[in-house]
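Topology and contacts: notes
Residue-level listing of the chains:
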Amino acid sequence: MVCEKESECIEDMEVEILPSMWPEDIGSEVGKQFNIEKPGRDQDMLEDVTIIEEPTIADFKRLMELTNFTEKGSSQLAYLMKHWEYKQANASRLLREELDSLSKQRQDVELRKMEILEEHRFEEERYGGDKRPVSILEDVYDIWQDVPRRKNKVVVQNKRIEIDAAEYDTVKYWKQRALHSEKLLEASIQREQILQEKLQERIKNIERQSSPVEELSQILKRADNFLHFILQNAPVVIGHQDKELRYRFIYNHFPSLQEEDIIGKTDIEIFTGSGVKESQEFKREVLEKGLPAKREITFETELFGSKTFLIYVEPVFSKAGETIGINYMGMDVTDQVRKRERMAKIREEIAVQKAKETELNKTIHITEETMRAKQMLATMSHEIRSPLSGVESGVMKLEATKFRPREVLKHVLQTAAASLQKILTLEGHVSDDVPIEVVGDVLRIRQILTNLISNAIKFTHEGKVGINLYVVSGTQANEDRCLSTPQSSSDRNLLDAQRHDHPPSQNHAFHGECISPVKSECSANGDTEEHHHSTETTVWIRCDVYDTGIGIPETAIPTLFKRYMQVGADHTRKYGGTGLGLAICKQLVELMGGDLTVSSKEHHGSTFTFILPYKVSIIEENSDDTDELSDMENDEGTCDDTTESFFQFQPRTLGSLFSSNGSSRTQKLLTHKIGYTSSNTSECSFSFPSHDIISKGTCSVQDSSLVVDTPEISESSASSSGQSRETNIENVVSRDKYCQDKGIADSSKHMVAALEMDIATKSSELQQKFKVQGNVTSIFASELTKSTSKPKILLVEDSKINIMVTQSMMKQLGHSIDVVNNGAEAVRAVQQCSYDLVLMDVCMPIMNGLQATKLIRSFEESGKWDAARKALMELNLADLDYECSGPSKKRIPIVAMTANALSESAEECFANGMDSFVSKPVTFQKLKECLEQYLS
Amino acid sequence: MLGLGSDLLWADMNRLLRLLFHEGVLDEHFLQLHHLQDESSPNFVSEVINMYFHESEKLLNNLRSLLIHTHTHDYNKMGIHLNQLIGSSSSIGAKRLTTLCLAFRAATHHSNRPGCLRALEMLEHEYCYLKNKLHELFHIEQQRALAAAARYPLHNNNQ
């Protein structure tokens, strides 16, 4: 039993131990140690990717050189070596382990064998010692007979069963045991041999599987594949060039080039054209400097046309640190460059556009300024011109006219405000005791005021400029003057004279030749005043023109009123002007028997004061006596309160200045022409007085003139056209109202037509306005006719046959048609009758269909038959009826009928305003479709 | 007999028409003319055709004189005449004549005098052919109408 167990144990050992010690898949485990996936799996992963290896051309010799000589190459090699050594070591370790285990097994087996042999020998000895005498004597035959037989039978177990306890310790038994052991030994040896074979096989396998070269090449291949995978579709060229810039390696080269075309050659040898040399030089530069660089180079070569490449060049160093070549990478950026250039162009255009815009704005601004300046100049020149010549020559005439100081003041301020280019407040105060009307030389006074005001505005940058008017007593006036400025001796004489003789009419006694003309003129002109001479008194009115400007330094005041003198050269440069104004003003004032003085504080402002005597008539004057005043004043008079005492013109923004001026002018014209009588507002309103026009219910007499006047308004106030248009609308409204009031309800169409007649000769703006209304009525009218009668169709055709056929077809389709034979007749027919459809032959004598259509369309657009008339005149045909040029029509559908001649192309038909065309010969079907389309 | 004759004449007319259609002398527009004929205009077709021949003859004469008798060949004017002829011919369905006119017009566009002359001859020939055939047709038609209108008293009684 023990024996059986032992043998079983041995057998078990063989089966169980071996696999546990030597796992079947050693190869894979080895692989895992190096973190490498199975090559098979790699291939799976890249299975879908087709890698075209073609584009690579490599000079392997050079590659070897590179790896041998460059630092990168050597480090790479070192790494690979290390890797390989590590793997080698691991493999040998494994092999050693295996060998160890095998030799241990062998030792075990040998030990066992020894044991068995020992045992056997011992038993034999024992057997020989104990049994031999017996066996020889007794049963020799038996032994020899039995043992071979058993041996022959081979099956040991069977025999063993036969061995009984009874046979134990017999010779036979031991023999059998020995045989059995021997067999076991043999088996063991056999196993050993198998193991050894296996070992050999494994060793071979290991050698085969984990050979470092193979593994490394696999790694390389994977890396290579990966690079291919990434690079093959990239628009990238990679290359290596040696010291002489000859290609040693290139990837993704131009497809039409072969390896031999590139390797060993320089760029210049390969390509020709612009950019090639540049790139070569760039590479050389990199080579020389030893620093990597990028550049964008545009190539223009025969090989691949115009292309832009972004090129990156990097020097390659040997171990010794010297450059042995360059690595070069080029990327095709043609599209990007193009886009970029386009963008740049667009940006440039935008910039130019902006510049233009600014320029334009500037021009507009300048134009505005110029116009403003012109306006100012117009006012100024008038006011300066005459005194200049007059004063200069010394024979100036003074005219005595009645005027209203408030109005003059207001107008001066208003004019100044209109041409104001600064944000300043202009104001005027008139004290209550200033008479409503005085007598004096209003023109001169106005000139003086304007001059002073414009001066004040010129030297004032913020704050306000204003005029104060108040009455002073004669003495006060003189005292004031004495206090203010040093006077010349002649001035003093004047003062004395005035102090004693208040009526200025006697001034000429003191001022001989200077004043005498004044008086004589006064009497000559003063035809109206002469009735009131007896009741005249004199009033001294002081006028302060003040500002919050830069002021005048005290030292400059004495020279202020001298001719051609300004405060300083700086001022001349800065503010311009001749310096003549003040001198003239002063002379003028003095001529009129007054004086002009100034008080000023530098940086705070100046006040120019002049005091003048005026005659005042006690008897109330009628307004019809003011006819000697200028027109402008007359305008003012109509809308001004005679006792107004305060005027203010608030600063406006620059942009609105112009239009506000325009509106004021519009207002003036309007009020004037319409005969709008003054409303009793204490402040003159500058808002548009449209409500007044509407409220003026009984304006029937003025209506006609009103219509005529409108264009004048819109012209005179071009910039405020918006407002003038409003006026026109109002006009229409008032007309409408007027018409309705009179109970002519049914005449609305009449009225529009009449208006159209009027308006036809006026500005286009207005015309459009009314044309819209005209159209509406005509559409309305045509709708009426449409609802009551059949559609009217006009056939324009010269061929009698075609007329017959078409007419007959139309008859069957239930339509009657009018027929004319050429274009000119068609135009006439359309003028006289409104048609719903025109079928127009294209080729016709006298006037063809295209021309006729054009004329009809031009009428529809302009509402005038002028073009048609002209065309007919040219053809020597009878003119159109004038009476029949009724309201403009809606667009008549005109269908061309063409015989497909070359001159009758569809494009031409459409270009001339036809709506569609029907090719000849006309059929029922075509005609029906056409009618359905245009008459439904 | 006369009644029977009407049917025979009808057949004759159809045969002639078939021939003209087959030859491409006429097209469906000619039939359309017949559709336009009704009680209110019983002679519409013959009226139109008569007018057509009347007009066409004038146009052909004009064309001939323009092409042969004048020294300055006004191709432009010829083109206008031809356009008219094309318009009317196509309206009555004179297909072959229309086609010839188109060819003629093309020749005038190129100021091709020999081409024009050839085209004019063919046009005149075609015109005569069409005129004869349509005359024949109308003649049969007239007879047919007469035959159809003729009724024996017996016949009338039976009906």
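What you see is a predicted model, and the numbers here were worked out from it, not measured in a lab. (Residues numbered from 1 in each chain as written. Chains lettered and ligands numbered in written order. Predicted model: local features only at pLDDT ≥ 70, side-chain atom pairs only at ≥ 80, totals over all residues. Heavy atoms only, no water.)

**Quick word on the overall build of chain A**
When helices and strands are tallied, chain A shows 33 helices and 20 strands. Sequence separation of at least 24 residues holds for 70% of the intrachain contacts in chain A that already meet a minimum separation of 6. Split by element, the accessible area of chain A, about 52400 Å² in all, is 55% carbon and sulfur. (Helix = DSSP H or I, 4+ residues; strand = E, 2+ residues; numbered from the N terminus. Contact = heavy atoms within 4.5 Å. Areas by Shrake-Rupley, 256 points an atom, 1.4 Å probe, with all protein chains shown as cover.)

**With respect to the UniProt feature "coiled-coil region" (unreviewed entry) in chain A**
The UniProt entry lists residues 92-119 of chain A under the feature "coiled-coil region" (unreviewed entry), expressed in the numbering used here. Summarising residues 92-119 of chain A: 100% helix, 0% strand, and an end-to-end C-alpha distance of 40 Å. (UniProt positions renumbered as here; feature names shortened; annotations may be inferred.)

**Some remarks on the packing of aromatic side chains**
Residue and element names in this part refer to chain A. Taken as a whole and assessed by the stated rule, the structure comprises 10 aromatic pairs over all chains. Judged by centre distance (5.7 Å) and plane angle (75°), the ring pair of Phe271 and Phe304 falls under edge-to-face. Here Phe271, found in the loop between α11 (267-270) and β4 (273-274), pairs with Phe304, found in the loop between β5 (293-301) and β6 (305-317); they are 33 residues apart in sequence, far enough to count as distant. Among the residues examined, Phe271 registers a relative accessible area of 17% and is labelled buried. Taken together through their ring pairs, the aromatic side chains of Phe271, Phe299, Phe304 and Phe309 make up a single cluster. Directly above the aromatic system of Tyr328 lies the positively charged group of Lys283, at a separation of 3.9 Å from the ring centroid. (Phe/Tyr/Trp six-rings, centres within 6.5 Å; stacked < 30°, edge-to-face > 60°. Buried < 20%, exposed > 50% of the residue type's maximum accessible area, 1.4 Å probe, protein only. Lys NZ or Arg CZ within 6 Å of the ring centre and 35° of its normal.)

**Describing the packing of helix α28 (residues 800-812) of chain A against helix α33 (residues 924-935) of chain A**
Residues and elements named next belong to chain A. Running from N to C, α28 and α33 cross one another at 60°; their axes reach a closest spacing of 10 Å. When the axes of α28 and α33 are compared, the pair comes out oblique. The handedness of the crossing between α28 and α33 is right-handed. Along its contact with α28, which presents Thr806, Met809, Met810 and Gln812, the element α33 presents Phe924, Leu927 and Leu931. Classifying every residue of the contact of α28 with α33 gives 5 nonpolar, 2 polar and no charged. (Axes fitted to C-alpha atoms, helices over the stretch in contact; angles between N-to-C directions. Parallel < 35°, antiparallel > 145°, perpendicular 65-115°, else oblique. Left-handed = near helix turned anticlockwise from the far one by under 90°. Nonpolar A, V, L, I, M, F, W, Y, C, P; charged D, E, K, R; others polar.)

**Notes on a nonpolar patch on the surface**
Where nonpolar side chains cluster on the molecular surface, the patch consists of Phe226, Leu227, Phe229 and Ile230 of chain A and spans about 390 Å² of accessible area. Considering the arrangement of structural elements, one finds Phe229 of chain A in helix α9 (residues 212-231). (Patch = residues over 30% accessible without salt bridge, like charges linked within 9 Å, V, L, I, M, F, W, Y side chains within 5 Å. Salt bridge = Lys/Arg side-chain N within 4 Å of Asp/Glu carboxyl O.)

**A short note on the side chain of Thr806 of chain A**
Residues and elements named next belong to chain A. Inspection of the secondary structure puts Thr806 in helix α28. A distance of 2.6 Å separates the side chain of Thr806 from the backbone oxygen of Asn802, its partner in a polar contact. Excluding residues within four positions of it along the chain, Thr806 makes contact with Leu795 and Leu927. (Polar contact = N/O pair within 3.5 Å; in protein donor to acceptor, adjacent residues only side chain to side chain.)

**Considerations on the pattern of salt bridges**
All names here are of chain A. Counted under the stated rule, the structure contains 31 salt bridges over all chains. With a closest N to O distance of 3.6 Å, Glu285 and Lys289 form a salt bridge. Pair noted here: Glu285 and Lys289 are both in helix α12 (residues 276-289), with a separation of 4 residues, about one helical turn. Judged by relative accessible area, which is 31%, Glu285 ranks as partly exposed. Among the ionic pairs, Arg404 bridges to Glu437, the shortest N-O distance being 3.5 Å. With a gap of 33 residues between them, Arg404 in the loop between β8 (401-403) and α14 (405-418) and Glu437 in the loop between β9 (425-430) and β10 (438-440) connect regions that are remote in the sequence. The class for Arg404 is buried, based on a relative accessible area of 15%. Sharing partners across several salt bridges, the network here consists of Arg857, Glu860, Arg891 and Asp915.

**Here we look at the sheet that holds strand β18 (residues 837-841) of chain A**
In a beta sheet, neighbouring strands pair by backbone hydrogen bonds and run either parallel or antiparallel. All names here are of chain A. Strands sit in the order β17-β16-β18-β19-β20 across an open sheet of 5 strands; the sheet is parallel. The open sheet has two edge strands with one neighbour each: β17 (817-820) and β20 (916-919). Each strand axis lies, on average, 20° off the axis of its neighbour in the sheet, ignoring direction. Relative to β18, strand β16 (residues 793-796) runs parallel, the two being bridged by 4 bridges. Of the residues in β18, the one forming a bridge with Ile793 is Leu837. Lying over the sheet, α28 contacts β16, β17 and β18, oriented at roughly 170° with respect to β17. This element, helix α29 (residues 823-832), spans β16, β17 and β18 of the sheet and lies at about 165° to β16. (Pairing = 2+ DSSP bridges.)

**Observations regarding the interface of chain B and chain A**
Opposite the 24 residues of chain B that make contact, chain A presents 21 residues. Interface area for chain B against chain A, summed over the two sides, is near 1900 Å², with a carbon-plus-sulfur share of 64%. For the pair chain B and chain A, the interface holds 1 salt bridge. In this structure, the salt-bridge partner of Glu55 of chain B is Lys800 of chain A, at a minimum N-O distance of 3.6 Å. Linking chain B with chain A are 4 residue pairs in polar contact (both at pLDDT 80 or more), by the criterion used here. Of all the elements in the fold, those that place two or more residues in the side of chain B that touches chain A are α2 (28-36), α3 (44-69), α4 (75-92) and α5 (95-109) of chain B. A per-element tally of the side of chain B that touches chain A places α4 of chain B first, with 8 residues. Taken together, the residues of the side of chain B that touches chain A break down into 8 nonpolar, 12 polar and 4 charged. (Buried area = accessible area lost by both parts, 1.4 Å probe.)

**Section: the confidence of the model for chain B**
Residue and element names in this part refer to chain B. On average, residues of chain B carry a pLDDT of 83, and 90% of them reach 70 or more. Mean pLDDT in chain B bottoms out at helix α7 (residues 153-158), which sits at 47, and peaks at α5, which reaches 89. Scored below 50 in pLDDT, residues 154-159 makes 1 contact in the model with residues more than four places away or belonging to other chains. Predicted complex metrics record ipTM = 0.85 and pTM = 0.33. (pLDDT = per-residue confidence, 0-100.)

**Examining helix α15 (residues 442-458) of chain A**
The terminal C-alpha atoms of α15 of chain A lie 24 Å apart, and with 17 residues this matches the ideal 24 Å at 1.5 Å per residue to within 8%. α15 of chain A sits mainly inside the fold: 15 of its 17 residues count as buried. (Expected span 1.5 Å × (residues − 1).)

**Quick look at the side chain of Ser808 of chain A**
Mapped onto the elements of the fold, Ser808 of chain A is located in helix α28. With sequence-adjacent residues up to four places away left out, Ser808 of chain A is seen in contact with Leu36 and Phe44 of chain B.

**Remarks on the nonpolar core**
Residues Leu839 of chain A together with Leu123 and Leu134 of chain B are the most contacted members of the largest nonpolar core, which totals 64 residues. When near neighbours in sequence (up to four residues on either side) are disregarded, Leu839 of chain A contacts Ile793, Leu794, Leu795, Val796, Met810, Val895, Met897, Leu927 and Cys930 of chain A. (Core = buried A, V, L, I, M, F, W, Y, C linked by side-chain atoms within 4.5 Å.)

**Brief notes about unusual backbone geometry**
All names here are of chain A. Of note, Leu245 is a non-glycine position whose phi angle comes to about 60°, a positive value. Mapped onto the elements of the fold, Leu245 is located in the loop between β2 (236-242) and β3 (247-251). Within the chain, His603 stands out as a residue other than glycine whose phi angle is a positive 70°. Of note, His603 is situated in the loop between β13 (595-601) and β14 (605-617).

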